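Structural features, examined
Spelled out from the first residue to the last, the chains are:
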Amino acid sequence: MIVIRSKAARDVLRCVIPFLLIPAVVLLGAAVFSEKRHAFVSLAVAGLSVVLFLTGFERQKTGSRRLVIVSVMTALAVVGRFIPVLKPVAAVTIMTAIYLGGESGFLVGAMTALISNFYFGQGPWTPFQMLAWGLIGLFAGLLADPLRRNRVLLLVYGVVSGIFYSMTMDIWTVMWYGGGFDPQLYKSAIIAAIPHTTAYVVSNVVFLALMADPFGEKLDRLRVKYGV
Amino acid sequence: MRSFSDFDPIALTVYFFAAAGSAMFCMEPVNAVISLLGAVTLYVVRSRGGKLRTHLWSALLFIIMALVNPVITHNGKTVLFVFNDDPITLESLIFGLTSATVITAVLYWFMTFSQIMTSDRLLYVFGTLSPKLALVLSMTLRYVRLFRTRWRQTQQTQRALGLYKDDNIIDSIRGGLRVFSIMMTWSLESGITTADSMAARGYGVCRRTSFRRYRIRRADAALIAVSLALLAVICTGIALGALHTDFYPEFTLHSSGALTVLCHISCFVLAFLPSAFEAAEAIKWKYLQSRS
C-alpha cells in the first residue's frame, strides 16, 4: 500500500516539505518555466503547505474532545456557507481559534473549504481557500488574548480577514488566468471583486458581533464544565 | 476490466492531477485543445450528456475569459481593429483563447473528479494520509446532516411549548436564533460525551486500523505508472522547450519535431484514457447482455 501511516514517514515529510520540496518547486519554477508560470508554482506551494500543516496536526497529541468540537464547528461553517450573500465561515473559524487555539482554527478553516467545496465545486482554488481560511484561523489563535478581551479589535480583525481572504483569492484568479502575476490585471481583479470583498467584510463583522457573546459563553462553559 | 471509476481512489487522484496538471502546466494551444476535448468527452460519457446548463455556463465563462485579455493587453503586432483608441491585437486574442481553453479544460476535469470522488473515496485517500484527519472529515460530514435533524426537533419542541412564534419577522428571527443557540449547545456538549465515550472505548490508545473497501491491484499500479510516465514526457517537453509558444510580439509555435509530436500524443493518450475505459466497458456490457 502507498500509505503514510508510519510516524517515521510523516516525520520525514515534515522535514522534506519545507526544506527541500518547497524551495525545489520555487527554484524549478523559476528555472524551467518562463516567467509566466507562477500560478502552478504557487498552487503547488499552497498545496504543500496545507499538507505540511496537517502532518503537524497528526503528530500533536490532540485530545479526542477537541477533535469532536473541531468537527462540530466545521460542520457549522459548512452549513453556514449555504446562507446566501452573508458567509459566516471566517467568523466561525475566528471564534474557534480564539477559544481553542490556532491549530484548531487552521483546521476548521481548511476543512470547511475542503468539505463545502463538495457542494460548491472543487477546483484548483481549493488549496488556496484552505490556506486563506486556515491562516485567518491560525493568526486569530495567535492573537487570541487581545481578541477575546477587546470587542472592537475583534471586529477590526474581521474586517482585515475579509479583505485578506478576498485579495488572496484575487491573486489566485490573476495568476491562473495570465500564468504570471500582472499588477494591472490584479488591480482590475480587485476592483471587479469589490462587491465580494464588501460581502465578506460585512458578513464577518455581522457574524462576529452576533456570535461573539453567545459563542464565547458556550465555549467558555464547555471549558469550565468539562475542562477542555 | 473495470469501468474507470472503479479504480483505486489513490490511482484516480494521481490520474486526475496528472491530467489537469498537464493542461495547466503548458500554455500551448494544441495541448490545451486536446485536453479540453478529453475532459469534455469524459464528462459527457460519464454523465450521459450532462446538464445543458453546465455546458452553457462553461461556454459563457469561456467567451468572457477569451475576451478579457484582448481588452486589457494591447501587445502584439497584428492589429485587428481599434476600440476606444486601444488597439485590439490578434496575438492578444489568441492568448486569451488559449487561457480560456486551459481554464475550461481544468474546470471539466475537476467536475468529473468531484463526481467520481464521493465522500467514502475521499475519506479513504485522506485516511491513508492521516487517520485523525479522516475522523474529523467523517464526523463533520455526519454533523452536517445531524444539524438539520436537531434543528427540526428543537423547533418542534419550542413550538409545542408555545415559545416559538413566527407571526412577524422580528419574532421569527428571535425564535430562529434561540433554536440555533439551543442546537449549538446541544451539539457541542453531546460532542464532548461522544469524545468521552470514544476515549472510554480505547480511542487513541494504539494506532487505529480502519476498514478499507479498496486495495491497490495491478491495474491500479499500472494506471498510476502510466499517468506519471505520460506526465513525465510532457514535463520533459516543457523543460526542453518543445512546447514553447511565443504569444508576443508575434504568435509562433516552436515545434521541435519528434518531441513535440510525442508530447501531443502523450497528452492525447492521457486525456482520452478514461473515456476509452468507459467506452470499452459500455461495449462489453452491450455484448454480454443475454438476449432471449
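So, how was this worked out
Along each chain, residues carry numbers from 1 onward, in the same order as the chain's sequence is written. Throughout, the order in which chains and ligands are written sets their labels, letters from A for the former and numbers from 1 for the latter. It should be noted that, the model being predicted, local features are given only for residues of pLDDT at least 70 and side-chain atom pairs only at 80 or more, the latter also being counted only at that level, while totals for whole chains, interfaces and linings use all residues. Excluded from the side-chain calculation are hydrogens and water; included are all heavy atoms of the structure. Strands here are runs of E lasting at least two residues and helices are runs of H or I lasting at least four, both read from the DSSP assignment and numbered beginning at the N terminus. We call a residue buried when its accessible area falls under 20% of the maximum for its residue type, exposed when it is over 50%, and partly exposed in between, using a 1.4 Å probe and counting protein chains only. Note on contacts: a residue pair is in contact if any heavy atoms of the two residues lie within 4.5 Å. The protein chains shown are the only cover counted for residues, whose accessible areas, like all others here, come from Shrake-Rupley with a 1.4 Å probe. The pairing test for Phe, Tyr and Trp rings, Trp by its six-membered ring, is centres within 6.5 Å, and the orientation test on the planes gives stacked under 30 degrees, edge-to-face over 60, and tilted for anything in between. The rule is short: NZ of Lys or CZ of Arg within 6 Å of the ring centre and within 35 degrees of the ring normal puts a charge over the ring. Helix axes use the C-alpha atoms of the stretch in contact, all axes being lines fitted to C-alpha atoms, and the angles between their N-to-C directions lie in the range 0 to 180 degrees. The scheme is simple: roughly parallel for angles under 35 degrees, roughly antiparallel for over 145, roughly perpendicular for 65 to 115, oblique for anything else. Here a crossing is called left-handed whenever its near helix is offset anticlockwise from the far helix by less than a right angle, and right-handed whenever the offset is clockwise. Whenever a carboxyl oxygen of Asp or Glu lies within 4 Å of a side-chain nitrogen of Lys or Arg, that contact is scored as a salt bridge. Expected helix span is taken as 1.5 Å per residue step, with the number of steps being one fewer than the number of residues. Using protein atoms alone on a 1 Å grid, points that fit a 1.4 Å probe yet trap it form a cavity, whereas open point sets bounded by protein on both sides within 12 Å along at least five of seven lines form a pocket; residues with an atom within 4 Å of a point count as lining. Grid points are joined across faces, edges and corners, and a volume is the space filled by probe spheres set on the points. Any residue outside Ala, Val, Leu, Ile, Met, Phe, Trp, Tyr, Cys, Pro, Asp, Glu, Lys and Arg is labelled polar, Gly included; the first ten of those are nonpolar and the last four are charged. Confidence of the predictor at the level of single residues is given by pLDDT, which spans 0 to 100. Buried residues of nine kinds, namely Ala, Val, Leu, Ile, Met, Phe, Trp, Tyr and Cys, make up a nonpolar core once their side-chain atoms join them within 4.5 Å.

With that out of the way, let us pick up the overall build of chain A. Along the backbone of chain A there are ten helices and zero strands. Of the regular secondary structure in chain A, the N- to C-terminal order runs α-α-α-α-α-α-α-α-α-α. Counting across all 228 residues of chain A, residues that qualify as buried make up 52%. Of all intrachain contacts in chain A linking residues separated by at least 6 positions in sequence, the fraction that spans at least 24 positions is 72%. Only carbon and sulfur atoms are counted for the fraction: they give 70% of the accessible area of chain A, which is about 9,800 Å².

Looking now at the overall build of chain B. Looking only at helices and strands, chain B features nine helices and four strands. Each helix and strand of chain B, ordered N terminal to C terminal, gives the series α-α-α-β-β-α-α-α-α-α-β-β-α. Here chain B holds 292 residues, and 44% of them are scored as buried. Of the contacts made within chain B by residues no fewer than 6 positions apart, 73% connect residues no fewer than 24 positions apart. Just so you have it, chain B exposes about 15,400 Å², and 65% of that area is on carbon and sulfur atoms.

So, about the packing of aromatic side chains. Considering all chains together, one arrives at 18 aromatic pairs over all chains under this definition. On the numbers, 6.3 Å between centres and 35° between planes, the contact of Phe-4 of chain B with Phe-277 of chain B is tilted. Placement of Phe-4 of chain B in the segment before α1 (9-25) and of Phe-277 of chain B in helix α9 (residues 258-288) is noted, with a sequence separation of 273 residues between them. Accessibility classification places Phe-4 of chain B together with Phe-277 of chain B in one group, the buried group. Of the aromatic side chains, those joined through ring pairs into one cluster are Phe-4, Phe-7, Tyr-15, Phe-16, Phe-17, Trp-109, Phe-110, Phe-113 and Phe-277 of chain B. Lying across the ring of Tyr-99 of chain A, Arg-148 of chain A places its NZ or CZ 5.4 Å from the centre.

What follows deals with the packing of helix α5 (residues 102-120) of chain A against helix α6 (residues 126-142) of chain A. All names here are of chain A. Contact geometry for α5 and α6: axes closest at 7 Å, N-to-C directions at 155°. With respect to each other, α5 and α6 are oriented roughly antiparallel. Where α5 crosses over α6, the two elements pack in a sense that is right-handed. Here Gly-102, Gly-105, Phe-106, Gly-109, Ala-110, Ala-113, Leu-114 and Asn-117 of α5 lie close against α6, whose contacting residues are Thr-126, Gln-129, Met-130, Trp-133, Gly-134, Leu-135, Gly-137, Leu-138 and Gly-141.

What follows deals with the environment of Ala-144 of chain A. Residues and elements named next belong to chain A. Structurally, Ala-144 is set in helix α7 (residues 144-149). A relative accessible area of 10% means that Ala-144 is categorised as buried. Residues Ala-144 and Met-95, 49 residues apart in the sequence, show an inter-C-alpha distance of 9.2 Å.

Tallied over the full model, the rule gives six salt bridges over all chains. Across the salt bridge formed by Asp-196 of chain B and Arg-65 of chain A, the nearest N and O atoms sit 2.8 Å from each other. Of this pair, Asp-196 of chain B sits in helix α7 (residues 169-200) while Arg-65 of chain A sits in helix α3 (residues 64-80), which puts the two residues in different chains. We note a salt bridge from Glu-189 of chain B to Arg-221 of chain A, for which the minimum N-O separation is 2.5 Å. Note that Glu-189 of chain B is positioned in helix α7 and Arg-221 of chain A in helix α10 (residues 194-226), a pairing that runs across two chains. A relative accessible area of 12% means that Glu-189 of chain B is categorised as buried. Under the relative-accessibility criterion, Arg-221 of chain A is labelled partly exposed at 42%. Taken together, the salt bridges that share partners define one network made up of Arg-221 and Lys-225 of chain A together with Glu-189 of chain B.

Our focus in this paragraph is α6 of chain A. Taking 1.5 Å of rise per residue, the 17 residues of α6 of chain A would be expected to cover 24 Å, and the 24 Å separating its terminal C-alpha atoms lies within 8% of that figure. When you tally the buried positions in α6 of chain A, you get 13 out of 17 residues, the bulk of the element.

In this structure, the second largest pocket encloses a volume near 1,700 Å³. What lines the second largest pocket is a set of 43 residues, among which Trp-125, Trp-172, Thr-173 and His-196 of chain A together with Leu-61 of chain B lie closest to the centre. Only α5, α6, α8 (151-178), α9 (183-192) and α10 of chain A together with α3 (52-72) and α4 (90-116) of chain B provide two or more residues apiece to the lining of the second largest pocket. The leading source of residues in the lining of the second largest pocket is α8 of chain A, at nine residues. Here the residues of the lining of the second largest pocket sort into 29 nonpolar, eleven polar and three charged.

On to the confidence of the model for chain B, then. When pLDDT is averaged along chain B, the result is 84; 95% of the residues meet or exceed 70. By mean pLDDT, helix α5 (residues 119-129) of chain B is the weakest element of chain B at 77, and helix α2 (residues 29-46) of chain B is the strongest at 92.

This paragraph deals with the confidence of the model for chain A. Predicted confidence across chain A gives a mean pLDDT of 79, with 78% of residues reaching 70 or more. For chain A, per-element mean pLDDT is lowest for helix α2 (residues 38-59) of chain A, which scores 67, and highest for helix α4 (residues 89-100) of chain A, which scores 90.

Moving on: the nonpolar core. Residue and element names in this part refer to chain B. In terms of nonpolar packing, the biggest core is built from 124 residues, with Phe-4, Tyr-15, Trp-109 and Met-184 touching the most fellow members. At twelve residues, the largest contribution of residues to this core is made by α4. For Tyr-15, the residues in contact, after removing those within four places along its chain, are Phe-4, Trp-109, Leu-223, Ser-227, Leu-270, Ala-271, Leu-273 and Pro-274.

An ideal rise of 1.5 Å per residue puts 24 Å on 17 residues; α3 of chain A measures up with 24 Å between its terminal C-alpha atoms. Across the 17 residues of α3 of chain A, 14 count as buried, placing the element largely inside the fold.

Residues and elements named next belong to chain B. Look at α1 against α4: their axes get within 9 Å of each other, and the N-to-C directions meet at 170°. In this view, α1 runs roughly antiparallel relative to α4, as classed from their interaxial angle. The segment α1 lies against α4, with Leu-12, Thr-13, Tyr-15, Phe-16, Phe-17, Ala-19, Ala-20, Ala-23 and Met-24 engaging Val-102, Val-106, Trp-109, Phe-110, Thr-112, Phe-113 and Ile-116. Of the residues that constitute the contact of α1 with α4, the class distribution is 14 nonpolar, two polar and no charged.

All names here are of chain B. Structurally, Ser-22 can be placed in helix α1. For Ser-22, a relative accessible area of 4% gives the class buried. Apart from residues lying up to four places away in sequence, Ser-22 is in contact with Phe-17, Leu-231, Ile-234 and Leu-270.

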